[in-house]
Amino acid sequence: MTNTVSRARMTGVGRVLVIVYAVMALGATGRSFVQIVRRFDEAPLAYTLSAIAAVVYILATLALINAGKPGWYTVAWVAIVFELAGVLVVGTLSLVEPQLFGHDSVWSYFGMGYVFIPLVLPICGLWWLRTHRPAVAS
């Protein structure tokens, strides 16, 4: 017998989570594109991290959408843990070395200027994944 993973049922909370991740992915992608094209010299580290965040948000969105398929659940966990670690590192770095950031950004100060969404979102994502593990049939 082979193990198969059944498709996880996307609940209302799961749908909202995917929508928020998709909005963050679009916003981060557009923002990082503009930052890199127009102002990269002002804060190269901050804008490179912004581009990496965009990729992580895109990956997390796709992984959450497909979390019921084999492998995607793990990809979602890895992407969201990476996102949370990134927010914590960048938030701390922006407090310790603010000159590395040309101005306040979504990622600086743990997302304080953005109602802490960059910090709260991965926590919600990890909670949702923990409570919606795909069933494994044998």
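This one's a predicted model, so the numbers in the text were calculated from it and none came from an experiment.

Our focus in this paragraph is the overall build of the protein chain. Helix and strand counts for the protein chain stand at 4 helices and 2 strands. Taken from N to C terminus, the helices and strands of the protein chain fall in the order β-α-α-α-α-β. Buried positions account for 36% of the 138 residues belonging to the protein chain. Across the protein chain, the fraction of contacts at a sequence separation of at least 24, relative to all contacts at a separation of at least 6, is 70%. For the protein chain, the computed accessible surface area is about 7,900 Å², with 72% contributed by carbon and sulfur atoms.

The next thing to look at is the side chain of Asn66. By secondary structure assignment, the location of Asn66 is in the loop between α2 (44-65) and α3 (72-96). Its relative accessible area of 14% is what places Asn66 among the buried residues. A distance of 3.0 Å separates a polar atom in the side chain of Asn66 from the backbone oxygen of Leu62.

The subject of this paragraph is the environment of Gly30. Here Gly30 is to be found in helix α1 (residues 12-39). You can call Gly30 partly exposed: its relative accessible area is 36%. In the structure, Gly30 is positioned 24 residues away from Ala54 in sequence and 8.6 Å away in space, judged by C-alpha atoms.

Conventions we followed
- Residues numbered from 1 in each chain as written.
- Predicted model: local features only at pLDDT ≥ 70, side-chain atom pairs only at ≥ 80, totals over all residues.
- Heavy atoms only, no water.
- Helix = DSSP H or I, 4+ residues; strand = E, 2+ residues; numbered from the N terminus.
- Buried < 20%, exposed > 50% of the residue type's maximum accessible area, 1.4 Å probe, protein only.
- Contact = heavy atoms within 4.5 Å.
- Areas by Shrake-Rupley, 256 points an atom, 1.4 Å probe, with all protein chains shown as cover.
- Polar contact = N/O pair within 3.5 Å; in protein donor to acceptor, adjacent residues only side chain to side chain.

By themselves, these are just geometric observations and shouldn't be taken as functional.
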